[in-house]
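Spelled out from the first residue to the last, the chains are:
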Amino acid sequence: MSKHDQVDHDHLHYIGGEFVTSAGSASIEVVDPATGLRIKDVAAGDAQDIDRAVHAARDCFDSRAWRKIAPADRANTLWTLADRIAAHTDEFAELETRDNGMPLMFAKATIASLVNGLRYYAGMVTKLHGQTADISGNGRDLHAYTQSEPVGVVGSITPWNAPLGVLINKIAPALAAGCSIVCKPAEQTPLSAVRLAQLLDEWKLFPAGLINIVNGYGHIAGQALADHQDVDKLTFTGSTAVGKKLVHASAQSNLKRVTLELGGKSPLFIFDDADLEKAITGAAMAIFANSGQVCFAGSRLYIQRGIFDKVIEGVARVGAAMRLGSGLDPQTQMGPLVSAQQMARVLSYVESGIGEGAELVCGGTRHGEQGFFVSPTVFANRDRKPLTIAEEEIFGPVVTAMPFDGLEELEVLANATPYGLGSGIYTSNVSTAHRAAKLIRAGNVWINCYGILDKAMPFGGFKQSGWGRESGFEGIAPFLESKSVYTLL
Ligand code: NAD
């Protein structure tokens with residue numbers, strides 16, 4: 001183990017309150033998606049590094065170093081962390097933009113949101129309590145109560161589409177519940193986590209080993225965390241395919257608790273009585289924000305038949321007018337995709353759409369020769385034939401528009417997917433809106449808007465979009481165990 005003042009933090013992991021070298025020598029090349037050029041290399045940890053980090057988290061948990069601090073003081077500390085990160089908004093936002101490609105304004109909004117999340121869960125530290133129960137003691141006089149206790153050592157595995165935001169979504173409730181945590185960020189976007197580790201070390205707000213950060217590849221470091229016998233709970237955001245592997249790893253190891261925030265193929269319905277200007281902008285932003293790399297992106301657009309051409313033209317017009325470029329340019333409205341691999345994946349879906357007979361209304365090509373840009377793409381599928389692009393998650397700026405005839409059709413169309421994450425309804429009829437909201441099997445329904453999130457509202461998916469919820473009161477429950485205590489009086 002080594003700890004220096006002048007260290008190259010990129011090549012170290014943050015374990016047990018120290019910067020340590022990797023057990024192996026592997027590294028990850030971090031690439032700027034706007035240029036395709038290498039930014040730097042970051043250490044790629046393996047199972048030994050994960051094991052060290054889990055031990056550090058276990059030692060911290062078992063020592064009660066964090067849990068024994070009074071709740072009000074722990075709440076203050078989380079609030080202080082929020083303030084400190086907020087003071088570094090510009091720096092973190094720039095790192096996110098360089099690493100992921102997202103426009104700077106979008107990156108700043110994600111930092112503001114994660115700061116709110118920390119404050120929300122700071123407030124919850126002093127509000128965790130059990131219940132007393134008036135139990136039937138079979139003639140015996142009993143006093144019974146429940147208490148909430150932290151689940152233990154948490155393993156966090158996160159994706160690249162909002163790197164720091166999702167990471168803090170895991171850290172905030174875990175720490176509020178009294179857990180310790182080992183974080184494995186996405187290999188495509190490790191820079192904000194590396195910087196967070198540096199700042200955590202500098203600020204010294206938390207006991208050593210409470211927050212550990214190990215960078216590495218998913219199939220190596222991520223898998224080692226999922227397989228580890230001493231991790232009590234996994235909190236994961238990423239693809240449904242990897243989510244299934246984690247459930248398997250839990251079953252094969254120690255039945256660690258698992259919560260999953262997974263993929264989606266979310267439907268957005270525009271009725272002919274909607275405010276069309278708002279609906280068109282809403283539908284366009286539902287798919288083009290963050291280049292479509294959003295788990296709840298509105299990628300299936302259902303337009304009531306009579307207004308189909310008008311709406312599809314409008315969405316295509318918004319897409320075609322978007323300024324693509326480096327996220328660091330303040331004029332940019334849409335940045336690149338995260339990697340060459342992701343660009344190739346999205347373009348192959350475009351090819352499949354054309355091959356299967358969808359009508360390409362706009363976009364569908366790589367934009368420019370540098371970086372990983374794909375132009376905003378709109379397909380029309382007028383006769384609603386089965387299409388891969390209308391069924392599988394693309395995770396890019398590609399929407400498939402289809403006509404529908406009214407509320408009677410909505411339930412079948414909305415739910416004809418293994419996913420159930422987001423959904424949208426644009427209508428001026430309150431009754432239609434709430435009927436539709438009841439019929440859709442998804443964790444989130446947006447009426448006359450799309451993609452609004454708030455820390456007070458639970459977020460998560462039905463069906464194969466996930467297990468459990470993040471945010472709100474429900475978001476802390478998976479980090480707690482409930483204990484029932486009986487006393488014979
Ligand atoms: P991914 O599942 O490939 O990777 C996510 C994380 O899992 C990364 O840290 C990766 O290193 C790790 N990983 C990969 N293989 C692993 C393994 N075998 N064992 C353990 N960890 C492993 O997903 P991605 O491509 O990074 O992100 C895109 C996906 O994430 C999309 O499907 C998207 O819908 C989903 N997502 C969901 C939400 C949500 O809240 N529901 C939010 C963002 C992204």
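Residues numbered from 1 in each chain as written. Predicted model: local features only at pLDDT ≥ 70, side-chain atom pairs only at ≥ 80, totals over all residues. Heavy atoms only, no water.

Digging into the environment of Asn76
Here comes step 1: Inspection of the secondary structure puts Asn76 in helix α2 (residues 71-87).
Here comes step 2: Residue class for Asn76 comes out partly exposed when judged on its relative accessible area of 48%.
Here comes step 3: When the C-alpha atoms of Asn76 and Ala122 are compared, they prove to be 7.0 Å apart, with 46 residues separating the residues in sequence. (Helix = DSSP H or I, 4+ residues; strand = E, 2+ residues; numbered from the N terminus. Buried < 20%, exposed > 50% of the residue type's maximum accessible area, 1.4 Å probe, protein only.)

Looking at the pattern of salt bridges
For side chains bearing opposite charge, pairing can occur when the charged atoms are close.
Here comes step 1: If you walk through the whole model with that rule in mind, you get 21 salt bridges.
Here comes step 2: The salt bridge partner of Asp405 is Arg305, with a shortest N-O separation of 2.9 Å. In this pair, Asp405 sits in the loop between β18 (398-404) and α12 (407-415) while Arg305 sits in the loop between β13 (298-304) and α10 (308-321), placing the two residues 100 residues apart along the sequence.
Here comes step 3: One salt bridge in this structure joins Arg382 and Asp309, with 2.9 Å as the shortest N-O distance. Remark: Asp309 occurs in helix α10 and Arg382 occurs in the loop between β17 (377-380) and β18; sequence separation between them is 73 residues.
Here comes step 4: A residue is classified by how much of its surface remains accessible, and Asp309, at 41% relative accessible area, is partly exposed. (Salt bridge = Lys/Arg side-chain N within 4 Å of Asp/Glu carboxyl O.)

Comments concerning the packing of aromatic side chains
Each aromatic ring pair is described using two quantities: the centre-to-centre distance and the angle formed by the ring planes.
Here comes step 1: In the structure shown here, the tally under the stated rule is ten aromatic pairs.
Here comes step 2: Taken together, a centroid distance of 5.2 Å and an interplanar angle of 50° make the contact between Phe296 and Trp446 tilted. Taken as a pair, Phe296 in the loop between α9 (276-288) and β13 and Trp446 in strand β20 (residues 446-447) lie far apart in primary sequence, 150 residues in all. With respect to burial, Phe296 and Trp446 carry one shared label: buried.
Here comes step 3: The ring of Phe61 has Arg67 sitting right over it, with the charged end atom 3.8 Å from the ring centre.
Here comes step 4: Seen from the ring of Phe479, Lys233 lies directly overhead, with NZ or CZ sitting 5.0 Å from the centre. (Phe/Tyr/Trp six-rings, centres within 6.5 Å; stacked < 30°, edge-to-face > 60°. Lys NZ or Arg CZ within 6 Å of the ring centre and 35° of its normal.)

Thoughts on the domain arrangement of the protein
Here comes step 1: Partitioning the protein into structural domains gives domain 1 (6-262 + 464-488) and domain 2 (267-454).
Here comes step 2: In this assembly, domain 1 and domain 2 are joined by seven residue pairs in polar contact (both at pLDDT 80 or more).
Here comes step 3: Its residues assigned to classes, the side of domain 1 that touches domain 2 comprises nine nonpolar, twelve polar and five charged. (Domains from an automatic or database assignment. Polar contact = N/O pair within 3.5 Å; in protein donor to acceptor, adjacent residues only side chain to side chain. Nonpolar A, V, L, I, M, F, W, Y, C, P; charged D, E, K, R; others polar.)

Focus on the environment of Asp273
Here comes step 1: Inspection of the secondary structure puts Asp273 in the loop between β12 (266-270) and α9.
Here comes step 2: In this structure the C-alpha to C-alpha distance between Asp273 and Ile389, which are 116 residues apart in sequence, comes to 28 Å.
Here comes step 3: If near-sequence neighbours (up to four positions away) are discounted, Asp273 is found in contact with Thr427, Ser428 and Asn429.
Here comes step 4: Only 2.8 Å separates the side chain of Asp273 from the side chain of Thr427, close enough to count as a polar contact. (Contact = heavy atoms within 4.5 Å.)

Some words on the side chain of Glu261
Here comes step 1: One can find Glu261 in strand β11 (residues 257-261).
Here comes step 2: In this structure Glu261 is buried but unpaired, with Arg469 as the nearest side chain of opposite charge at 5.9 Å.
Here comes step 3: Within the structure, Glu261 has its side chain in polar contact with the backbone nitrogen of Glu470 (distance 3.5 Å).
Here comes step 4: Glu261 has contacts with Lys170, Phe236, Thr237, Gly238, Phe459, Gly460, Gly461, Ser465, Gly468, Arg469 and Glu470, leaving out every residue within four places of it along the chain. (Lys, Arg positive; Asp, Glu negative; His and termini not counted.)

Thoughts on the packing of helix α3 (residues 89-100) against helix α4 (residues 104-124)
Here comes step 1: Here α3 crosses α4 at 125°, and the two axes come no closer than 8 Å. The orientation of α3 with respect to α4, classified from their angle, is oblique. For the pair α3 and α4, the crossing hand works out as right-handed. In this structure, α3 uses Thr89, Asp90, Phe92, Ala93, Glu94, Glu96 and Thr97 to contact α4, whose residues at the interface are Leu104, Ala107, Lys108 and Ile111.
Here comes step 2: Looking at side-chain class alone, the contact of α3 with α4 contains five nonpolar, two polar and four charged residues. (Axes fitted to C-alpha atoms, helices over the stretch in contact; angles between N-to-C directions. Parallel < 35°, antiparallel > 145°, perpendicular 65-115°, else oblique. Left-handed = near helix turned anticlockwise from the far one by under 90°.)

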